[in-house]
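# Chain and residue survey
So the chains spell out like this:
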Amino acid sequence: MQRPDPDRPPRYPTSLGTSDTSTITLLGHDLAADLMGQVGFGELAFWMSAQRRPTPAEVRVFEAVLVALADHGFTPTAIAARLTYLSAPDSLQGALAAGLLGGGSRFLGVTEDCGRFLHEAITTHAERLPHSSDDSADPGGSGESGGSDERAWDEVALELVEAARKERRLIPGLGHPVHKVQDPRTPVLIALAEENGVKGPHLRLFEAIGRVHPTVLGRTLPLNGAGVCGAALADLGLPIALLRGYALLARAAGLLGQLAEEQRSPIGMDVYLSVDRNAVHVQPPND
C-alpha cells in the first residue's frame, strides 16, 4: 500500500466539486470567491440537485416552497425531536436525527406523494392535456382557448378522483386536519408560480382536482400546502424522487426552532405524559 505524500494532499473530485490545499470548487466556481455572499442557500440547493443554475423566477418560487414547508407546528417531527432531546443520550444529535426521520411522516410524505401522483397522471394522459405553449397563450383562462384548456384539465382530474374513490384511495394533497376550508399557503404559492411564469402542468392538474373533487366526494376538501409544494417543485423540473428531500431541507429550519424552543421552555415531558396517558395498550394475539 502506497503511503500518502504529505506534500501532495489527496483530492476527491466529484461531479459537484473538489478541494485542494488552497481552494474549494463547487459547481465549477470558487466557493469562497464566487459563491459565498453572492448565492443564496435556496439557489445553491436547487443548483446542486438539478445540476443547472435556476432563473431568478425559479429561485423565488423554490424559496417560497422552503418557507411554506418550514412551519414547525405540532407534528410528529416536532414531537419526536422534543422527546428524544428529553431522554436520549447525546440528546441534541439524537433529536436532530429523530426529527429528520420524523420528516418521513405522512405530513412531509405528501409533498413527494402528490408530486409523484400528478407526474404519473400527466405522463399517462399527456395526449389529452394542453401543451404548455397553449396554456401560456391564455394563462387566465378567460378566452375561448383558456376555457377549453380548463375543461381538458377538469376531465382528466375527474377521472383521477373517480378512480381513487372507486379504489378507496386518498388523493395526495387533498384535505388538511387543521385548515379544513383553505390552507393559506396554497393560493399564495399558485399566485407566485403564475406571476413568475413557472406555473406548469402539475399545478394546473392540482387546481383541477380542487375544482372537480366535490362532485365525486360530495364535500369540498382543501388543497393542502404540502401537496401544492409538491406540484410546484415538480413544475420546476426537479427530480420527483427528491421531493421528500426538499421537504426535509425546509423542515430542518423548523426542527432547529423546535429544539431551541425546548431549551428555552421545555414541554417534552408534558408531551410524553400526554401520549402515555392516552395510549391504548392492546394485548397481542397468541399465535
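Scope of this entry: the structure provided in the associated data block. (Residues numbered from 1 in each chain as written. Predicted model: local features only at pLDDT ≥ 70, side-chain atom pairs only at ≥ 80, totals over all residues. Heavy atoms only, no water.)

### Focus on the sheet that holds strand β1 (residues 17-19)
- Read from one edge to the other, the open sheet built from three strands follows the order β1-β2-β3, with strand pairing classed as antiparallel. The two strands at the open ends of the sheet, each matched to only one other strand, are β1 and β3 (29-30). (Pairing = 2+ DSSP bridges. Helix = DSSP H or I, 4+ residues; strand = E, 2+ residues; numbered from the N terminus.)

### Details of a nonpolar patch on the surface
- Together, Leu-86, Met-269 and Tyr-272 make up a nonpolar patch on the protein surface, roughly 290 Å² of accessible area in all.
- Topologically, Met-269 is positioned in helix α13 (residues 268-278).
- In this structure Met-269 comes out as partly exposed when scored by relative accessible area, which is 44%. (Patch = residues over 30% accessible without salt bridge, like charges linked within 9 Å, V, L, I, M, F, W, Y side chains within 5 Å. Areas by Shrake-Rupley, 256 points an atom, 1.4 Å probe, with all protein chains shown as cover. Salt bridge = Lys/Arg side-chain N within 4 Å of Asp/Glu carboxyl O. Buried < 20%, exposed > 50% of the residue type's maximum accessible area, 1.4 Å probe, protein only.)

### Things to note about the side chain of Glu-43
- Relative to the elements of secondary structure, Glu-43 occurs in helix α2 (residues 41-50).
- When its relative accessible area of 13% is taken as the criterion, Glu-43 is described as buried.
- Residues within four places of Glu-43 in sequence aside, it is in contact with Arg-53, Pro-54, Val-59 and Glu-63. (Contact = heavy atoms within 4.5 Å.)

### Some words on α2
- Of the residues making up α2, those classed as buried are Gly-42, Glu-43, Leu-44, Ala-45, Phe-46 and Trp-47.
- Check the buried side of α2 and you find it contacts β2 (24-26), β3, α1 (31-35), α3 (56-68) and α12 (243-264).
- Directly after α2, the chain includes Gln-51, whose backbone phi takes a positive value near 60°.

### Some points on helix α11 (residues 225-235)
- Across the 11 residues that make up α11, a large majority, 11, are buried.
- For α11, the side-chain oxygen to backbone nitrogen distance between the N-cap and Ala-226 is 3.3 Å, and the N-cap itself is Asn-224.
- After α11 finishes, the residue Gly-237 shows a positive phi value of roughly 80°. (Polar contact = N/O pair within 3.5 Å; in protein donor to acceptor, adjacent residues only side chain to side chain.)

### Digging into the environment of Ala-247
- Looking at the element boundaries, Ala-247 is found in helix α12.
- Classification of Ala-247 by relative accessible area gives buried; the value is 0%.
- As a C-alpha pair, Ala-247 and Ala-68 span 179 residues in sequence and 9.4 Å in three-dimensional space.

### Here we look at the packing of α3 against helix α9 (residues 185-195)
- Orientation of α3 relative to α9, taken along the N-to-C sense of each, is 170°, at an axis distance of 9 Å. When the axis of α3 is compared with that of α9, the two are roughly antiparallel. Contacts between α3 and α9 involve Arg-60, Val-61, Ala-64, Val-65 and Ala-68 from the first element and Arg-185, Leu-189, Leu-192, Ala-193 and Glu-195 from the second.
- Tallied by class, the residues present in the contact of α3 with α9 amount to seven nonpolar, no polar and three charged. (Axes fitted to C-alpha atoms, helices over the stretch in contact; angles between N-to-C directions. Parallel < 35°, antiparallel > 145°, perpendicular 65-115°, else oblique. Nonpolar A, V, L, I, M, F, W, Y, C, P; charged D, E, K, R; others polar.)

### Thoughts on the packing of aromatic side chains
- Under the definition given, this model contains two aromatic pairs.
- Ring geometry for Phe-46 versus Phe-62: centroids 5.5 Å apart, planes at 90°, classification edge-to-face. Separated by 16 residues along the polypeptide, Phe-46 in helix α2 and Phe-62 in helix α3 bring together distant segments of the chain.
- The class of Phe-46 is buried, set by a relative accessible area of 0%.
- Ring centres of Phe-62 and Tyr-246 lie 5.6 Å apart, and the angle between their planes is 90°; this geometry places the pair in the edge-to-face category. (Phe/Tyr/Trp six-rings, centres within 6.5 Å; stacked < 30°, edge-to-face > 60°.)

### A short note on the pattern of salt bridges
- Evaluation of the coordinates by the stated rule reveals 14 salt bridges.
- The shortest N-O distance in the salt bridge between Arg-53 and Glu-43 comes to 2.8 Å. With a gap of 10 residues between them, Arg-53 in the loop between α2 and α3 and Glu-43 in helix α2 connect regions that are remote in the sequence.
- Residues joined by salt bridges that share partners form a network here, namely Asp-71, Asp-183 and Arg-185.

### Here we look at the nonpolar core
- Residues Phe-62, Leu-118, Leu-189, Leu-205 and Ile-209 are the most contacted members of the largest nonpolar core, which totals 50 residues.
- Only α2, α3, α6 (106-124), α8 (144-166), α9, α10 (201-217), α11 and α12 provide two or more residues apiece to this core.
- Here the element with the most residues in this core is α10; it accounts for seven residues.
- Apart from the residues lying within four places of it in its own chain, the contact partners of Leu-118 are His-202, Leu-205, Phe-206, Ile-209 and Ala-231.
- The next biggest cluster of nonpolar side chains, apart from the first, holds six residues, and it includes Leu-26, Val-39, Leu-44 and Trp-47. (Core = buried A, V, L, I, M, F, W, Y, C linked by side-chain atoms within 4.5 Å.)

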